[in-house]
Amino acid sequence: MLSLLPLLLLQAAATQTPPLTPASKPAPAVSKWPARDAQFIIRDFRFRSGETLPELSINYTTLGSPHRNAKGEIDNAVMVLHGTGGTGRQFLAPQFADELYGSDQPLDIKRYWIILPDGIGHGKSAKPSDGLHMRFPRYDYNDMIEAQYRLLHDGLGIRRMRLIMGTSMGCMHTLVWGETHPDFSRALMPLACEPVEIAGLNRMWRKLVIDGIKTDPAWAGGEYRTPPTHGLRTAASLLFVAGAAPLYFQAQYPQREAAEAFARERVAASIKGMDANDLIYQVDASRTYDPWSLLEAITAPTTWVNSADDFINPRNLDYPQRAVARMKDARFRLIPETADTRGHGTHTAARFWKQDLVDLLRRTE
């Protein structure tokens with residue numbers, strides 16, 4: 001799961017460290033890419049919990065322009081889905097954008113219309129910190145995907161996507177997209193996830209993140225006047241470890257003093273961008289995820305990539321290999337661990353899987 005990445009994703013781009021921890025209010029991205037933001041309002045949105053919002057605002061970022069075929073249908077739309085705590089604009093970071101969006105690159109923006117939504121509870125989309133706090137509807141991944149569908153289908157007039165891809169939580173969303181809307185995309189590319197209910201150690205550390213915040217007296221049931229710093233530090237520390245790359249960090253920080261300083265700096269920086277209620281909702285949204293029983297419904301050609309040094313999605317779990325055997329047209333690759341891979345954050349370093357994307361686009365032309 002977790003892309004657990006936003007504020008530190010941008011810092012990672014500058015310092016060559018992996019994206020590590022989530023933040024609902026990342027620092028503004030400075031990008032050379034001509035990205036545009038817009039808002040789509042969904043009226044009377046009903047969540048699976050039965051709760052409703054009279055208006056659900058979904059922010060999205062775009063690059064490139066829509067192209068219409070002879071029937072007048074948009075045929076070049078690509079959606080990239082972020083991970084837990086992230087935003088669409090994280091995909092303007094150099095390690096992703098500079099590898100993919102340029103001239104003659106796999107997602108050349110002269111050829112493709114790139115759509116980068118902020119999921120419910122993230123970025124500039126509707127979220128608890130807008131004012132409802134813990135009274136915000138308890139959304140899950142299915143709600144997030146329904147909002148994405150409404151954006152694409154109702155808001156942007158797209159009837160079929162060229163490609164849906166996503167990292168971490170976005171990887172899981174991509175698999176669920178393939179099950180719930182099997183004909184809506186010509187190709188799927190999930191990056192860094194597993195196709196099963198989040199349980200075991202993955203559930204445990206997520207629960208500890210949430211409990212670390214809720215047990216801080218300053219949290220005050222979500223009505224805090226100042227951030228619950230102790231709880232946020234606990235959460236940020238767990239997320240730091242979950243997103244880390246052992247070989248890379250050993251090579252970059254072989255001395256104790258430097259390693260300790262780096263960890264302190266990253267945790268301190270991530271806390272500045274976190275809202276405690278937003279983070280609780282973001283981590284908790286995975287609670288109903290369980291695509292295992294419906295994998296046969298994924299019929300779109302799929303290329304799925306995980307990395308061997310990913311703490312969150314361990315290499316010795318055999319679920320991906322078993323899953324692709326049940327899918328109509330799916331391929332799985334595990335990126336080998338090296339001192340250059342980025343742990344869970346390898347999913348945003350496009351150079352490691354760029355050729356896989358090229359091959360997927362070619363085979364779905």
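Residues numbered from 1 in each chain as written. Predicted model: local features only at pLDDT ≥ 70, side-chain atom pairs only at ≥ 80, totals over all residues. Heavy atoms only, no water.

**Q** Outline the packing of helix α3 (residues 141-155) against helix α4 (residues 169-180), supporting the account with residue identities and numerical values.
**A** Between α3 and α4, the least distance of the axes is 10 Å, while the angle of their chain directions is 70°. Between α3 and α4, the interaxial angle falls into the category roughly perpendicular. For the pair α3 and α4, the contacting residues are Y141, N142, M144, I145, Q148, Y149 and L152 in the first and M169, M172, H173, V176, W177 and T180 in the second. Taken together, the residues that form the contact of α3 with α4 break down as 9 nonpolar, 4 polar and no charged. (Axes fitted to C-alpha atoms, helices over the stretch in contact; angles between N-to-C directions. Helix = DSSP H or I, 4+ residues; strand = E, 2+ residues; numbered from the N terminus. Parallel < 35°, antiparallel > 145°, perpendicular 65-115°, else oblique. Contact = heavy atoms within 4.5 Å. Nonpolar A, V, L, I, M, F, W, Y, C, P; charged D, E, K, R; others polar.)

**Q** Describe unusual backbone geometry, listing the residues and the values that go with them.
**A** Excluding glycine, most residues fall at negative phi; most peptide bonds, likewise, are trans. Even without a glycine there, the phi angle at D44 is positive, about 50°. Structurally, D44 can be placed in strand β1 (residues 36-46). Exposure remark for D44: the relative accessible area of 59% places this residue in the exposed category. Look at A220: it is not a glycine, yet its phi comes out positive at around 55°. Within the element layout of this structure, A220 appears in the loop between α5 (200-214) and α6 (229-242). Look at A220 and you get partly exposed, because its relative accessible area is 46%. (Buried < 20%, exposed > 50% of the residue type's maximum accessible area, 1.4 Å probe, protein only.)

**Q** Go over the pairing of strand β7 (residues 302-307), please, and point to the residues and values.
**A** The buried fraction of β7 amounts to 6 of the 6 residues, a majority that puts the element mostly inside the structure. As judged from the 2 bridges shared by strand β6 (residues 188-191) and β7, these two strands associate in the parallel manner. In the sheet register, L191 faces β7, and the bridge partner there is V305. Where β7 lies against strand β8 (residues 330-335), 6 bridges are found, and the strand directions are parallel. Residue S307 lies in a different strand from β8, and its bridge partner there is I335. Between β7 and its parallel partner β8, the chain crosses via helix α10 (residues 319-324), and the hand of that crossover is right-handed. (Pairing = 2+ DSSP bridges. Right-handed = clockwise from strand over helix to strand, strands pointing away.)

**Q** With reference to specific residues and values, describe helix α8 (residues 256-272).
**A** Taking 1.5 Å of rise per residue, 17 residues should cover 24 Å, and α8 covers 25 Å from first to last C-alpha, within 8% of that figure. Regarding α8, the residues found buried are F262, R266, V267, A269, S270 and I271. (Expected span 1.5 Å × (residues − 1).)

**Q** How would you summarise the pattern of salt bridges if you had to cite specific residues and measurements?
**A** Going through the model one piece at a time under the given rule, you end up with 25 salt bridges. Between R89 and D37 there is a salt bridge whose closest N-O contact spans 3.1 Å. Note that R89 is positioned in the loop between β3 (77-81) and α2 (94-100) and D37 in strand β1, a separation of 52 residues in sequence. The shortest N-O distance in the salt bridge between R326 and E296 comes to 2.8 Å. A residue pair is termed long-range when its members are at least 10 positions apart, and R326 in the loop between α10 and β8 and E296 in the loop between α9 (276-284) and β7 qualify at 30 residues. According to the relative accessible area criterion, R326 is partly exposed, its value standing at 24%. (Salt bridge = Lys/Arg side-chain N within 4 Å of Asp/Glu carboxyl O.)

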